[in-house]
Amino acid sequence: MDAEHTQLLADLAQDYYLSKMAISDISKKYHLSRYLIMKYLDEALASGVVSINIHTNYDRNAKLEQALKQQFKVKNLFVIKDPNNPLDRDEIIATFAANQVQSLISNCQVVGLTWGETIYAMLDHFNKQTASNLTFTQFMGENMKYHSSAASMRMVQKAAARYDVPYRTIPGPLYVLNDQARHALYQEPAFTAAFSAAQQMDLIVCGLGTLQSINSIPAWHDHLQEIFPDVDLRQIAGMAFGRPFDINGHFLVTPANDKTLSIPLTQIEQVPRRVAIVQRKSKFQAAIGALEGKLFTDMIMTESVALRITEAFGI
């Protein structure tokens, strides 16, 4: 390339990448067609006039990802390498999860969120964006941690603030034992907007729970057998969408004995993208059950969780 052409490539690249000029404005400035501008921008990258460096604080373990994808026949599975400093782990997976989830949200209209420190940390790493037709919603009741920043009502508020869009909440408990009372709540004006939005969800983002996470809440701990009637608690490998499931990914509640204030499991399972984020290696059995049962379309996990799973299967 001659010096004049090289300078043109550099000028176009500076206007496009650094000055954020629209292609239409660049076209007027240089009297070039849109086709030529894009062609020259590609040439600037290929020739080295422009180089793009992507800096991240996370790295993925491709070998573990491939092993788990083959074992569980899952497509969208991400294993984030554990950092040298364990204190950085939560920050790293939250950053990756935020980037991954926001890329999915860009094509969504209704996004459902649950609760937990993992989801809260992810939302902390959301970039401020704009959206014209987007709503965040709860799709099941509160976990009763009202004094926690990680309560589900705060999740949808926090997410909606990042996009400056509406949100819908369900101001009721996760479990309602009285069947008549629970069915009546679905008709209450304070609940109908959220349940209506939840039926339109095209993305769900949540963490994985365990029986211990239920036991940690006094109201649930004292009434486990009533919350999960006819369920052998010893079979519970994990919790998803407020319901217990076994190591094979089978939910242990039926529509007849489900005490969850939520849209039905059958509707949740029809949501096109369902993302789970798993940080703690203590949840590896929950992750196995979720993978076996295809409860999620996407799963993001730490390397320590993935290693425990591969050890369990002798991979």
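Summary of the structure given here. Think of each chain on its own: its residues are numbered from 1, step by step along the sequence as written. Per-residue local features are limited, in this predicted model, to residues with pLDDT of at least 70; the limit for side-chain atom pairs, both in listing and counting, is 80 or more; totals at the level of whole chains, interfaces and linings are taken over all residues. For side-chain calculations, the full set of non-hydrogen atoms in the structure is used, while hydrogens and water are omitted.

## Here we look at the overall build of the protein chain
Phase 1: Numbering goes from the N terminus for both helices and strands, where a helix is a DSSP run of H or I of at least four residues and a strand is a run of E of at least two. Each helix and strand in the protein chain was counted, giving 15 helices and nine strands.
Phase 2: Principal-axis analysis of the C-alpha atoms places the extent of the protein chain at approximately 80 × 50 × 30 Å.
Phase 3: Across the 315 residues that make up the protein chain, the buried fraction comes to 48%.
Phase 4: The contact criterion used is simple: two residues touch if any of their non-hydrogen atoms lie within 4.5 Å. Of the contacts made within the protein chain by residues no fewer than 6 positions apart, 69% connect residues no fewer than 24 positions apart.
Phase 5: Note on areas: Shrake-Rupley, 1.4 Å probe, and residue coverage restricted to the protein chains presented here. Here the protein chain has roughly 15,900 Å² of accessible surface; of this, 49% comes from carbon and sulfur atoms.
Phase 6: In the protein chain, which carries 29 positive and 31 negative side-chain charges, the distance between the mean positions of the two groups comes to 1 Å. Buried, partly exposed and exposed residues are distinguished by accessible area as a fraction of the type maximum, computed with a 1.4 Å probe on protein chains only: under 20%, between the cut-offs, and over 50%, respectively. Two residue types count as positive, namely Lys and Arg, and two as negative, namely Asp and Glu; His and chain ends fall outside the count. Lys charges are placed at NZ, Arg charges at CZ, Asp charges at CG and Glu charges at CD.

## Thoughts on helix H5 (residues 89–105)
Phase 1: In this analysis, the expected span of each helix is defined as 1.5 Å times one less than the number of residues it contains. Here H5 spans 24 Å end to end across 17 residues, near enough to the 24 Å set by a 1.5 Å rise per residue.
Phase 2: Along H5, the residues that are buried comprise Arg 89, Ile 92, Ile 93, Ala 94, Thr 95, Phe 96, Ala 97, Ala 98, Val 101, Gln 102, Leu 104 and Ile 105.

## Observations regarding the pairing of strand E2 (residues 110–113)
Phase 1: Of the two faces of E2, the one lined by Val 110 and Gly 112 and the one lined by Val 111 and Leu 113 are each fully buried.
Phase 2: Only strands joined by at least two bridges in the DSSP assignment are considered to pair. Summarising the sheet, E2 and strand E3 (residues 135–137) pair through three bridges and their orientation is parallel. Following the sheet pairing, Val 110 is matched in E3 by Thr 135.
Phase 3: By convention, a crossover is right-handed whenever its connection, traced from the first strand over the helix to the second and viewed with the strands pointing away, goes clockwise. Crossover handedness for the path E2 to helix H6 (residues 117–124) to E3: right-handed.
Phase 4: Summarising the sheet, E2 and strand E5 (residues 203–207) pair through three bridges and their orientation is parallel. When the bridges of E5 are listed, Gly 112 appears paired with Ile 204.

## Observations concerning the nonpolar core
Phase 1: Of all hydrophobic cores here, the largest spans 58 residues; its most connected members are Phe 139, Leu 208, Phe 241, Phe 296, Met 299, Met 301 and Ile 309.
Phase 2: It is helix H14 (residues 284–292) that contributes the most residues to this core, six residues altogether.
Phase 3: Each residue touching Phe 241, except ones within four places of it in the same chain, is listed here: Phe 139, Met 140, Ile 204, Cys 206, Phe 251, Thr 260, Leu 265, Ile 268, Arg 274, Leu 295 and Phe 296.
Phase 4: Here, nonpolar core means buried Ala, Val, Leu, Ile, Met, Phe, Trp, Tyr and Cys residues that are tied together by side-chain atoms lying within 4.5 Å of each other. Residues Ile 105, Leu 123, Met 155 and Val 205 belong to the second largest nonpolar core, which totals 30 residues.

## Regarding the pattern of salt bridges
Phase 1: By definition, a salt bridge exists where a carboxyl oxygen of Asp or Glu is found within 4 Å of a side-chain nitrogen of Lys or Arg. All told, the structure shown has 11 salt bridges when counted by the stated rule.
Phase 2: With its nearest N and O atoms 2.9 Å apart, the salt bridge here joins Asp 179 to Arg 182. With a gap of three residues between them, Asp 179 and Arg 182 both fall in helix H8 (residues 179–185), about one helical turn apart.
Phase 3: Taken together, the salt bridges that share partners define one network made up of Arg 89, Asp 90 and Arg 280.

## Thoughts on the packing of aromatic side chains
Phase 1: When two rings of Phe, Tyr or Trp (its six-membered ring) have centres within 6.5 Å they constitute a pair, described as stacked for plane angles under 30 degrees, edge-to-face for angles over 60, and tilted for the intermediate range. Under the counting rule described, the total for this entry stands at 12 aromatic pairs.
Phase 2: Each member of the aromatic cluster is reached from another via a ring pair, and the members are Phe 139, Phe 241, Phe 245, Phe 251 and Phe 296.

## Some points on the sheet that holds E5
Phase 1: Within the open sheet, the seven strands sit side by side as E1-E9-E8-E5-E2-E3-E4. Their pairing is parallel. Either end of the sheet is taken by a strand with one partner, and the two such strands are strand E1 (76–80) and strand E4 (167–168).
Phase 2: Bridge count between E5 and strand E8 (residues 273–278): five bridges; the pairing is parallel. Of the residues in E8, the one forming a bridge with Leu 203 is Arg 273.
Phase 3: Lines are fitted to the C-alpha atoms to define the axes, a helix being fitted only along its stretch in contact, and any angle between axes, read from their N-to-C directions, falls within 0 to 180 degrees. Those strands touched by H5 are E1, E2, E3, E5, E8 and strand E9 (298–302), and its axis lies near 165° from that of E9.
Phase 4: Here helix H15 (residues 303–313) sits on the sheet and contacts E1, E8 and E9; the angle it forms with E9, its principal contact strand, is near 100°.

## Re the side chain of Glu 65
Phase 1: Turning to its location among the elements, Glu 65 is positioned in helix H4 (residues 62–72).
Phase 2: The residues contacting Glu 65, other than those within four sequence positions of it, are Arg 60, Leu 77, Phe 78 and Val 79.

## With respect to the environment of Ser 262
Phase 1: Along the polypeptide, Ser 262 turns up in the loop between strand E7 (243–245) and helix H13 (265–268).
Phase 2: Placed 92 residues apart in sequence, Ser 262 and Ile 170 show a C-alpha to C-alpha distance of 9.1 Å.
Phase 3: Reaching out from Ser 262, the side chain makes a polar contact with the side chain of Arg 243 at a distance of 3.0 Å. Any pair of N or O atoms that falls within 3.5 Å is considered a polar contact. Within protein, one atom must be able to donate a hydrogen and the other to accept it, and sequence-neighbouring residues count only if both atoms are side-chain atoms.

## Notes on unusual backbone geometry
Phase 1: Look at Lys 73: it is not a glycine, yet its phi comes out positive at around 55°.
Phase 2: Mapped onto the elements of the fold, Lys 73 is located in the loop between H4 and E1.
Phase 3: Exposure remark for Lys 73: the relative accessible area of 64% places this residue in the exposed category.
Phase 4: One non-glycine residue, Phe 241, adopts positive backbone phi at about 55°.
Phase 5: Mapped onto the elements of the fold, Phe 241 is located in the loop between strand E6 (238–240) and E7.

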